[in-house]
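What follows is the residue order along each chain.
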Amino acid sequence: MRRAIAALLSALLLWLGATAAAPAQSCSFSATDVVLGAVDVLGGGATDSSGIIHADCSTFLGLLSSITLTISVGEGLGGASSGARQMVSGTTATALNYQLYRDAARSQVLGSNYWSYGGAPITLSGASLLSLLTSTGLDIPIYGRVPGGQAGVVPGSYASVFSRDPTDVRVDYRTCNLLLLCVNRSASFSFTVSATVPPDCLVTAGDLDFGTTGVLSAARDATSAISVTCTLGSAFDVGLNYGFYGSGPGDRQMRSTAGDAVGYRLYRDAARSLDWGTLADGLAQAGAGQGTAQAFTVYGRVPAQATPPPGTYSDTVVVTVTY
């Protein structure tokens, strides 16, 4: 009987020794990059993406009674302001604003206990967390967004690296074993938020109306406007094709439903000496993007010519912006 008791006590002491050793073990953490891809800075819409923070405590789950995790995410190497985090580029002087969130609705900013720009860290706690930490670990999503309307950003590749502990990333966690002995630990990991701003342009055009006349014994002039918005610093050319019926800058025509024609021309200058045509013909108007709308005046002229039968004459000209 004494031998049996000694064996039992020995087994119990071995189990207690294994439990007491548990605090020496720790969790590990890693993250995927948040790749936002191509961003339209001229439009008002946001660009969204997401990433994953992975926690792995599976090596000693059987010895734990609870885990509490607090994941703080700070500014990143791109920096931040009270309004947004920023990505930077090695080839441009501008920064691209973005934000990281804790929820898919992107209403709760992901923040840190170690910086002063608001938001809140991710906190997971309680014994129920153990049920999530399976042999494959736990995946915790984070959500990124680049807001639209950043027309002052120059095209290029932008990024912010999160690598500094605790300024950028820190995990504070507490583990308690089956004997309710608890230990506080910390860890860190790294990831990158990236996006690309491609050159882009938007264009709108107004109609050119020569009005009403009885005879075409003298030239009739009129103007219209083209509005072009291109990303900052992007070179572009505005070309006008020769309409439905024309074959060149001197051969544009408006026609009636009966097929009768009125000849007209379009110019880039008020003196009406520089024809406006296509880029292929070398007759386009060059410009440089400012991130805001730029107005280009189209100078039209119906030269004196034989007056066709009365009617409504029209043509459709396609505006093409090449960038």
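Residues numbered from 1 in each chain as written. Predicted model: local features only at pLDDT ≥ 70, side-chain atom pairs only at ≥ 80, totals over all residues. Heavy atoms only, no water.

Looking at an unreviewed UniProt entry, one finds the protein named Spore coat U domain-containing protein and attributed to Paenirhodobacter huangdaonensis.

1. Section: the overall build of the protein
Helix and strand counts for the protein stand at 2 helices and 20 strands. In terms of overall size, the protein is more extended than a compact globule, its C-alpha atoms giving a radius of gyration of 34 Å where 323 residues would be expected to give roughly 20 Å. Structurally, the protein occupies a C-alpha span of about 130 × 40 × 30 Å along its principal axes. By the burial criterion, 40% of the 323 residues in the protein qualify as buried. Counting contacts in the protein only where the partners sit at least 6 residues apart, residues at least 24 apart contribute 74% of the total. By element, 55% of the accessible surface of the protein is carried by carbon and sulfur atoms, the whole surface being about 15700 Å². (Helix = DSSP H or I, 4+ residues; strand = E, 2+ residues; numbered from the N terminus. Rg over C-alpha atoms; globule rule 2.2 N^0.38 Å. Buried < 20%, exposed > 50% of the residue type's maximum accessible area, 1.4 Å probe, protein only. Contact = heavy atoms within 4.5 Å. Areas by Shrake-Rupley, 256 points an atom, 1.4 Å probe, with all protein chains shown as cover.)

2. Some words on the sheet that holds strand β20 (residues 319–322)
Spatially, the 3 strands line up as an open sheet ordered β18-β15-β20, and their pairing is antiparallel. Two strands close off the open sheet at either side, each with one partner strand: β18 (285–288) and β20. Averaged over neighbouring strand pairs, the angle between their axes works out to 25° when direction is ignored. Strand direction decides the pairing type here: strand β15 (residues 235–240) and β20, joined by 4 bridges, are antiparallel. When the sheet's bridge partners are listed, Gly239 is paired in β20 with Thr320. (Pairing = 2+ DSSP bridges. Axes fitted to C-alpha atoms, helices over the stretch in contact; angles between N-to-C directions.)

3. Points about the domain arrangement of the protein
Examined at the domain level, the protein breaks down into domain 1 (23–197) and domain 2 (201–322). Distance from the C-alpha centre of domain 1 to the C-alpha centre of domain 2: 53 Å. Contact with domain 1, which involves 7 residues of that partner, is made by 8 residues of domain 2. Summed over the three residues of domain 1 that lose the most area to domain 2, namely Leu42, Ala151 and Pro155, the buried surface amounts to 72% of that side. Where domain 1 touches domain 2, the interface holds 0 salt bridges. Residue composition of the side of domain 1 that touches domain 2, grouped by class: 6 nonpolar, 1 polar and no charged. (Domains from an automatic or database assignment. Buried area = accessible area lost by both parts, 1.4 Å probe. Salt bridge = Lys/Arg side-chain N within 4 Å of Asp/Glu carboxyl O. Nonpolar A, V, L, I, M, F, W, Y, C, P; charged D, E, K, R; others polar.)

4. Let's talk about the side chain of Asp168
Within the secondary structure, Asp168 sits in the loop between β9 (156–162) and β10 (169–177). Among the residues examined, Asp168 registers a relative accessible area of 0% and is labelled buried. Setting aside residues no more than four positions away along its own chain, Asp168 makes contact with Ser72, Val73, Gly74, Glu75, Gly76, Leu77, Val161, Phe162 and Ser163.

5. Re the UniProt feature "domain: Spore coat protein U/FanG" (unreviewed entry) in the protein
Under the UniProt annotation, the feature "domain: Spore coat protein U/FanG" (unreviewed entry) is placed at residues 21–160 and 189–320. The distance from the first to the last C-alpha atom of residues 189–320 is 48 Å, and the span holds 0% helix and 42% strand. (UniProt positions renumbered as here; feature names shortened; annotations may be inferred.)

6. Observations regarding the state of the cysteines
Summed over all chains, the structure comprises 3 disulfides. A disulfide bridge connects Cys27 with Cys57, and the sulfur atoms are separated by 1.9 Å. Looking down the S-S bond of the Cys27 and Cys57 bridge, the torsion is 115°, so its handedness is right-handed. Of this pair, Cys27 sits in the loop between α1 (2–21) and β1 (28–31) while Cys57 sits in the loop between β3 (47–56) and β4 (64–73), and the two are 30 residues apart along the sequence. (Disulfide = S-S within 2.5 Å.)

7. Focus: the side chain of Asp103
You can see Asp103 is positioned in the loop between β6 (96–101) and β7 (122–124). No salt bridge forms around the buried Asp103; measuring N to O, its nearest opposite-charge neighbour Arg102 is 6.4 Å away. Within the local environment of Asp103, its side chain forms a polar contact with the backbone nitrogen of Gln108, the two atoms lying 2.9 Å apart. Look past the residues within four positions of Asp103 in its chain and what remains in contact with it is Gln108 and Tyr143. (Lys, Arg positive; Asp, Glu negative; His and termini not counted. Polar contact = N/O pair within 3.5 Å; in protein donor to acceptor, adjacent residues only side chain to side chain.)

8. Observations regarding the packing of aromatic side chains
Across all of its chains, the model carries 7 aromatic pairs by this definition. Taking 5.4 Å as the distance between ring centres and 85° as the angle between the ring planes, the aromatic pair formed by Trp115 and Tyr117 counts as edge-to-face. Using a relative accessible area of 16% as the deciding quantity, one classes Trp115 as buried. For Tyr117, a relative accessible area of 35% puts it in the partly exposed group. Geometrically, the ring pair formed by Phe236 and Phe296 is edge-to-face, given 6.0 Å between the ring centres and 90° between the ring planes. (Phe/Tyr/Trp six-rings, centres within 6.5 Å; stacked < 30°, edge-to-face > 60°.)

9. Concerning the confidence of the model for the protein
Predicted confidence across the protein gives a mean pLDDT of 90, with 92% of residues reaching 70 or more. Every residue in residues 1–24 scores below 50 in pLDDT, and together they form 13 contacts with partners more than four places removed in sequence or on other chains. (pLDDT = per-residue confidence, 0-100.)

10. Looking at the sheet that holds β4
Pairing in this open sheet of 4 strands is antiparallel, and the strands run β7-β4-β10-β11 from one edge to the other. Of all the strands in the sheet, the pair left with one neighbour each is β7 and β11 (182–187). Between one strand axis and the next, the sheet turns through 10° on average, direction left out of account. Looking at chain direction, β10 and β11 are connected through 6 bridges and run antiparallel. Residue pairing across strands places Cys176 opposite Cys182, the latter belonging to β11.

11. Observations concerning the nonpolar core
Counting 41 residues, the largest nonpolar core has Phe29, Ile67, Met87, Leu96, Phe191 and Val193 as its most contacted members. Per-element accounting of this core gives the leading share, 5 residues, to β4. (Core = buried A, V, L, I, M, F, W, Y, C linked by side-chain atoms within 4.5 Å.)

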